Each structure stands twice: as C-alpha cells, then as structure tokens.
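Structural overview for review
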Amino acid sequence: ASLTYEADMTEWQNDYETDASAISLQSALIPMLHSQLSSWTKFGHTTSTVAMAQLAAHVNSGGKNVLVCPKYFIPTTDGVHLGAEGFQWLGEYYSKVYQRIVFEGSRWEPLRPTSCIMYGAVITVQFHVPVGPLVFDTVLVTNPGNYGFEYSDVNGVSVVSAVLDVANDSVVITL
C-alpha cells in the first residue's frame, strides 16, 4: 500500500506541476507541499503506511514533494480534525517552508530520521533537526511508552528504553 501511495503522490505532483506550468508559463520546479496525517492513534492504530509513504515521497522526490511537517503535535478539536488553533499552527509551518523554498531558494527538510544503526541490542536513530535541540515533548504529546518507539521481531524482543542523545541529534533505543 505504501509504494502505491508514494507513486500516487509522485503522479499527483507531476500533474500539478505540468498543469501549473502550462497556465503560468513557468519552467522552474513547482513543488507540492503537504503535511503528514496523524489521526491513527485516535482509531486504535499505532502505525500508518500512508504516513511512511508521505515521508518516502518527500525523501525520494528531489524537492518536488515537500513534507512540511507531521501533524501529531498540532492541536485538534476531537483528536482528528484541526480547529482554528490547529490550522493557525499548520499555516505557520507552511509559511516557514514556503519562505525557505520560494524566497530563499533553499530546500526544506523537516524533523525526520536520517539513519538507523543497530549494534547488538542498541539501535541509534539519527535525526535531521531543523531547529534544535531534539526533545521529547510530553506537554504537547502524550508519551505512549518509550516515546512512541517500537520494535518487533519473531523472538518477541521489545524496547526497554528510548533516550535522547541531544549532542548527536539521536535517540538511543535499548532492546
């Protein structure tokens, strides 16, 4: 499902750019900005292949599909839908990214994992952090246990702890 969703996003961006270029006579890249969905926990789900496909589309598009931000931390009216405050927050993120891309001519990278290395029972996940430091915010986001990090294998191994390594923009997960 996630490969199909990523391909659909790529096609959508291409159609968007083709149509906008024909109307505006622009020859430059016209990126499509999007935000990551985040209502899965409200319905009892812990993960989403769609959210992962949205991140993959961003990473693999060369700046054409731009992931502005996830929405898990943005206030909602009912745990799913954004209200006035949530849309204001989201609009501020879109404005920041638009500023970076259009006015500054730079690429945008959201907070996201950039590498994941496992050595024995320790996994180190390094993040791209646009504005540091990397934090676990338990005021805006409820800690579901181990700050949302999960691990599973056929042997039933699970996460014992997740600890910030702020100096290296990483989270160190012990199994």
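Look above for the structure.
Residues numbered from 1 in each chain as written. Predicted model: local features only at pLDDT ≥ 70, side-chain atom pairs only at ≥ 80, totals over all residues. Heavy atoms only, no water.

This next bit is on the packing of aromatic side chains. Here the structure, examined in full by the defined rule, presents six aromatic pairs. Between Phe 73 and Tyr 93, the ring centres sit 5.6 Å apart and the planes meet at 65 degrees, which makes this aromatic pair edge-to-face. Placement of Phe 73 in the loop between strand E2 (65-70) and helix H3 (84-103) and of Tyr 93 in helix H3 is noted, with a sequence separation of 20 residues between them. Connected via pairs of aromatic rings, a cluster forms that spans Tyr 72, Phe 73, Trp 89 and Tyr 93. (Phe/Tyr/Trp six-rings, centres within 6.5 Å; stacked < 30°, edge-to-face > 60°. Helix = DSSP H or I, 4+ residues; strand = E, 2+ residues; numbered from the N terminus.)

To continue, consider H3. In this model H3 runs 27 Å from its N-terminal to its C-terminal C-alpha over 20 residues, within 8% of the 28 Å that 1.5 Å per residue would give. By the burial criterion, the buried members of H3 are Gly 86, Leu 90, Val 97 and Ile 101. Looking straight down H3, one finds that the buried residues subtend no more than 40 degrees of arc, so they occupy a single side. Opposite the buried face of H3, at more than 90 degrees from it, the exposed residues are Ala 84, Gln 88 and Phe 103. Here the buried face of H3 lies against strand E1 (32-36) and E2. Gly 105, located one to two residues past H3, shows a positive phi value of around 70 degrees. (Expected span 1.5 Å × (residues − 1). Buried < 20%, exposed > 50% of the residue type's maximum accessible area, 1.4 Å probe, protein only. Arc of directions from axis to C-beta. Contact = heavy atoms within 4.5 Å.)

Applying the stated criterion across every chain, the model contains three salt bridges. Close ionic contact of Lys 64 with Glu 17 constitutes a salt bridge, the shortest N to O distance being 3.5 Å. Residue Lys 64 is found in the loop between helix H2 (49-60) and E2, and its partner Glu 17 is found in helix H1 (residues 2-24); the two are separated by 47 residues along the sequence. Residue classification places Lys 64 among the partly exposed positions, given a relative accessible area of 33%. Close ionic contact of Arg 112 with Glu 109 constitutes a salt bridge, the shortest N to O distance being 2.6 Å. (Salt bridge = Lys/Arg side-chain N within 4 Å of Asp/Glu carboxyl O.)

Read across the open sheet, the four strands follow the order E3-E4-E6-E5; overall the sheet is antiparallel. Both outer strands of the open sheet, strand E3 (112-119) and strand E5 (161-165), are each paired with one neighbouring strand and no more. Taken pair by pair, the neighbouring strands of this sheet meet at an average axis angle of 20 degrees, ignoring direction. Of the pairings in the sheet, the one linking E5 to strand E6 (residues 170-174) comprises five bridges and is antiparallel in character. Looking across to E6, one finds that Leu 164 is bridged to Val 171. (Pairing = 2+ DSSP bridges. Axes fitted to C-alpha atoms, helices over the stretch in contact; angles between N-to-C directions.)

Function cannot be read off these values alone, since they describe shape.
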